[in-house]
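The lines below spell out each chain.
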Amino acid sequence: MKKVCHKMNHNKIIQNKKIAQLDYIKWMKFILRRSDEVGKVELPITAVIIDENGRCIGRGSNKRETNNDPLGHAELIALRQASWITNDWRFNKCSIIVNLEPCTMCAAALVQARMGKVIYGAEDLKRGGFGGTIDLSDHKSAHHKMFIIRGILEQDCKNKITTWFKKLRNQK
């Protein structure tokens, strides 16, 4: 009897992981649609912060060029909005979903904000802060443990960014 219960719990865990995976894909598709508009002016990076009930409590897109702001990264803008909405700076039970791996500045901010999960599409081998160049989630200075989920709609995310940079180079 004990083995059967364990098996049922294991199947339920697998089912919950599949549901979560579908939610991540749904949100990533939303992000990719949003990044189309952002890409007309900025690098098409978009982020959303989802609370434990699956509600969006913060969203952001790159605004560095628009606002002449070196801190105008999608993740930081989403964090500010979520902090304002929740009246808190701790996000242990929340997830951030972004189409490109956060840079080291944003990764450090997410560690400091105690983000529960970081979910991203494309890896950033030049500036990535969660494995692309360094993994700040696993660094000895990280006082908070977070889950990192990589590669959600990875090819779609890569294509969007690669196409944007090709278009930018062709305009010069």
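Residues numbered from 1 in each chain as written. Predicted model: local features only at pLDDT ≥ 70, side-chain atom pairs only at ≥ 80, totals over all residues. Heavy atoms only, no water.

Enquirer: Mind showing me how you'd approach helix 3 (residues 74-86) here?
Expert: In an α-helix, one full turn covers 3.6 residues, which means residues spaced three or four apart are oriented alike. Taking 1.5 Å of rise per residue, 13 residues should cover 18 Å, and helix 3 covers 18 Å from first to last C-alpha, within 8% of that figure. Every buried residue belonging to helix 3 is among A74, E75, L76, A78, L79 and A82, and all of these are buried. Packed against the buried residues of helix 3 are strand 1 (46-50), strand 2 (56-61), strand 3 (95-100) and helix 4 (104-112). (Helix = DSSP H or I, 4+ residues; strand = E, 2+ residues; numbered from the N terminus. Expected span 1.5 Å × (residues − 1). Buried < 20%, exposed > 50% of the residue type's maximum accessible area, 1.4 Å probe, protein only. Contact = heavy atoms within 4.5 Å.)

Enquirer: It is not clear to me how the pairing of strand 2 should be interpreted in this structure. Could you clarify?
Expert: Consecutive side chains along a regular strand alternate between the two faces of the sheet. Across five bridges, the pairing between strand 1 and strand 2 is antiparallel. Counterpart to I50 in the pairing with strand 2 is C56. In this structure, the hairpin formed by strand 1 and strand 2 is closed by a connection of five residues, where G54 is found at a positive phi of approximately 85°. (Pairing = 2+ DSSP bridges.)

Enquirer: I tried to follow unusual backbone geometry on my own but got confused; where do I start?
Expert: In most cases, non-glycine residues show a negative phi, while peptide bonds are predominantly trans. The phi torsion at N68 lies on the positive side, around 50°, for a residue other than glycine. Topologically, N68 is positioned in the loop between helix 2 (64-67) and helix 3. Judged by relative accessible area, N68 falls into the exposed class, the value being 67%. Non-glycine residue N87 carries a positive phi angle of around 60°.

Shape descriptors only; they carry no functional weight alone.
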